[in-house]
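Structure assessment
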Amino acid sequence: MTRHFWVLVHRYTGLYIAFFLFVAGLSGSVLAFYHELDAWLNPLERVAAQSSPMLDPFTLRERALALNTRGQINSVSLAPREVGAVYTAVIEPLPSSSEDNSPKIIKFNPYTGETIPGQTELAPASSLRFWPLTRQNFLPFIVELHYSLVLGEIGIWLFGIAATLWTVDCFVGFYLTLPPLKKKSPATFPNTINMPNPQRNFWQRWQIAWKIKWRGSNQRRNFDLHRAGGLWTWLMLLVFAWSSVYLNMLEPVYTPIMKQFSELTDFNDYPIADLPRAQYAPAVDFRAAYPIAKQLMHEQAKQKGFTVLAEQKFLYNPLKGLYLYWVVTDRDVSASAGSSLLWLDAESGAFVALYLPTGEKTGDTITNWLGALHMARIGGLPYQILVCLIGLTVAMLSVTGVYLWLKKQQAAFLKHKG
């Protein structure tokens, strides 16, 4: 295939993905500081601190369910709570309930268990819940804009296709920055004594692609920004492109390709397939299952040689009839967002499966590193700043790419007209 063919591939692939990458780049530069912005926009609701200890989350869950017997709470946070932070319970309706199917919110005083007046119903799951934009829904809006354009499943797939094309285009674009190989001419080089070093000559010519000439025409400056900007950030662009495929299109694209090169956990039916019918009242109840899960995780830690650093969540999945114990271990890439998981059977309390993010399967290790890099979960503030700058670079590459295409179209039109 000729170089001109790859120029056309780069040009028209870039035109398709430009809008998606522009939106993703700008929104991603904001989301690099998600937790800091969330703490500023939505500070924790608190009550006055008391001398008595805060009630445990299982007790508060049970009090919430006592107020709504037709609902379910299948998730409890085990992360350390800040002093005086109000406990918020989200009650999901049972499918058999004939009442309003909107999730309800109940807030509790963490010391006394008394309810606190406040919002009692979540907005419906549609883009309309983001209008009007408020302090509370601004960041959720940016998140959904980042990966789906707030278009739901259709937007996720459109972004997933764009991410796949972006990954391919990373290699095409890199190839196009390389200088064409010079053809040796016998007339020019009759003997090898005066022939220049081809290796040195290649690197000298490629150096031009890494530089930006700020003086000159706008078209030349935009071309240099597009080419050099892509080269200097190429490795990070590839990381964000491929991790976007993972985050948007896990099953159809990412998993089959990764399985060609490494062992990878496929979460399609992991650890077991869904039950024929959802089980909402398991034999082992929520409170009783928790200490069993802790003991099983302790046993697995001794067998596998890892250390549990902190608890995160305890969940029940009625579609699988399994409890999920979610913790942070020394096998996690990020201590702020662990991915170490243990499942136990809700009918017998027996161990079902353990997932460790690194150290078990190469594909899982790569995937968890990709996710942590994409969402700025490592490296602290310096890496957050880098991710923000990469997001702005992605937006810049999209704009300069479209600008160069428009200039070419304009030149072609004037040539044809003349």
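Residues numbered from 1 in each chain as written. Predicted model: local features only at pLDDT ≥ 70, side-chain atom pairs only at ≥ 80, totals over all residues. Heavy atoms only, no water.

**Concerning a nonpolar patch on the surface**
Where nonpolar side chains cluster on the molecular surface, the patch consists of Phe22, Leu26, Leu381, Ile385, Leu389, Leu392 and Val399 and spans about 580 Å² of accessible area. At the level of elements, helix 1 (3–31) and helix 12 (380–417) are the ones that each hand at least two residues to the nonpolar patch. Of the residues forming the nonpolar patch, the biggest block, five residues, is contributed by helix 12. Mapping phenylalanine 22 onto the fold places it in helix 1. Judged by relative accessible area, phenylalanine 22 falls into the partly exposed class, the value being 32%. (Patch = residues over 30% accessible without salt bridge, like charges linked within 9 Å, V, L, I, M, F, W, Y side chains within 5 Å. Areas by Shrake-Rupley, 256 points an atom, 1.4 Å probe, with all protein chains shown as cover. Salt bridge = Lys/Arg side-chain N within 4 Å of Asp/Glu carboxyl O. Helix = DSSP H or I, 4+ residues; strand = E, 2+ residues; numbered from the N terminus. Buried < 20%, exposed > 50% of the residue type's maximum accessible area, 1.4 Å probe, protein only.)

**Quick notes on helix 8 (residues 234–248)**
With 15 residues, helix 8 should cover 21 Å at 1.5 Å per step; its first-to-last C-alpha distance of 21 Å lies within 8% of that length. Along helix 8, twelve of the 15 residues are buried, which leaves the element largely enclosed by surrounding structure. Restricting attention to buried positions, one finds in helix 8 the residues Trp234, Met236, Leu237, Leu238, Val239, Phe240, Ala241, Trp242, Ser243, Ser244, Val245 and Asn248. (Expected span 1.5 Å × (residues − 1).)

**Some thoughts on the pattern of salt bridges**
Here the structure, examined in full by the defined rule, presents ten salt bridges. Here glutamate 45 ties to lysine 107 by a salt bridge, and the two come within 3.1 Å at their closest N and O atoms. Residue glutamate 45 is located in the loop between helix 2 (34–41) and helix 3 (57–67), and its partner lysine 107 is located in strand 4 (residues 104–108); the two are separated by 62 residues in the primary sequence. Lysine 107 sits in the buried class, given a relative accessible area of 17%. Between aspartate 266 and lysine 259 there is a salt bridge; the shortest N-O distance is 3.4 Å. On the basis of relative accessible area, lysine 259 is assigned to the partly exposed category, the value being 40%. A single network of salt bridges, built from pairs that share partners, joins Asp56, Glu62 and Arg287.

**A closer look at the packing of aromatic side chains**
Scanning the model with the defined rule gives 28 aromatic pairs in all. Where phenylalanine 267 meets tyrosine 355, the ring centres are 5.1 Å apart and the plane angle is 70°; that geometry is what we call edge-to-face. Placement of the pair is phenylalanine 267 in the loop between helix 9 (250–259) and helix 10 (286–304) and tyrosine 355 in strand 9 (residues 351–355), with a sequence separation of 88 residues. Chaining the aromatic ring pairs together yields one cluster made of Phe171, Phe174, Phe202, Trp203, Trp206, Trp210, Trp232 and Trp234. The aromatic ring of tyrosine 175 is capped on one face by arginine 3, whose charged end is 5.4 Å from the ring centroid. In this arrangement the basic side chain of arginine 135 is found over the ring face of tryptophan 40, its NZ or CZ atom lying 5.9 Å from the centre. (Phe/Tyr/Trp six-rings, centres within 6.5 Å; stacked < 30°, edge-to-face > 60°. Lys NZ or Arg CZ within 6 Å of the ring centre and 35° of its normal.)

**Points about the nonpolar core**
Membership of the largest hydrophobic core comes to 38 residues, with the highest contact counts inside it found for Trp166, Cys170, Leu237, Phe240, Trp242, Tyr254 and Tyr383. Put simply, the parts of the chain that give this core at least two residues each are helix 1, helix 5 (153–177), helix 8, helix 9, helix 11 (362–374) and helix 12. No other element matches the nine residues that helix 8 contributes to this core. Not counting residues up to four positions away in its chain, the partners in contact with phenylalanine 240 are Trp166, Leu373, His374, Tyr383, Val387 and Ile390. (Core = buried A, V, L, I, M, F, W, Y, C linked by side-chain atoms within 4.5 Å. Contact = heavy atoms within 4.5 Å.)

**Thoughts on the side chain of threonine 265**
Within the fold, threonine 265 resides in the loop between helix 9 and helix 10. At 2.7 Å, the side chain of threonine 265 forms a polar contact with the side chain of aspartate 364. When residues no more than four places from it in sequence are discounted, the contact partners of threonine 265 are Tyr270, Tyr355, Lys361 and Asp364. (Polar contact = N/O pair within 3.5 Å; in protein donor to acceptor, adjacent residues only side chain to side chain.)

**A word on unusual backbone geometry**
A positive phi angle, near 60°, is found at valine 150, a position not held by glycine. Its location among the elements puts valine 150 in the loop between helix 4 (138–148) and helix 5. Its relative accessible area of 14% is what places valine 150 among the buried residues.

**Looking at the sheet that holds strand 7 (residues 322–329)**
Where strands meet in a sheet, backbone hydrogen bonds hold them as pairs that are either parallel or antiparallel. Strand order in the open sheet formed by five strands is 2-6-7-8-9, and the pairing between neighbours is antiparallel. The open sheet has two edge strands, strand 2 (75–77) and strand 9, and neither has a second partner. Looking at each pair of strands side by side, their axes are set apart by 20° on average, direction ignored. Two strands pair when backbone bridges link them, and strand 2 and strand 6 (residues 308–317) are joined in this way by three bridges, in the antiparallel orientation. Following the sheet pairing, valine 76 is matched in strand 6 by phenylalanine 314. (Pairing = 2+ DSSP bridges. Axes fitted to C-alpha atoms, helices over the stretch in contact; angles between N-to-C directions.)

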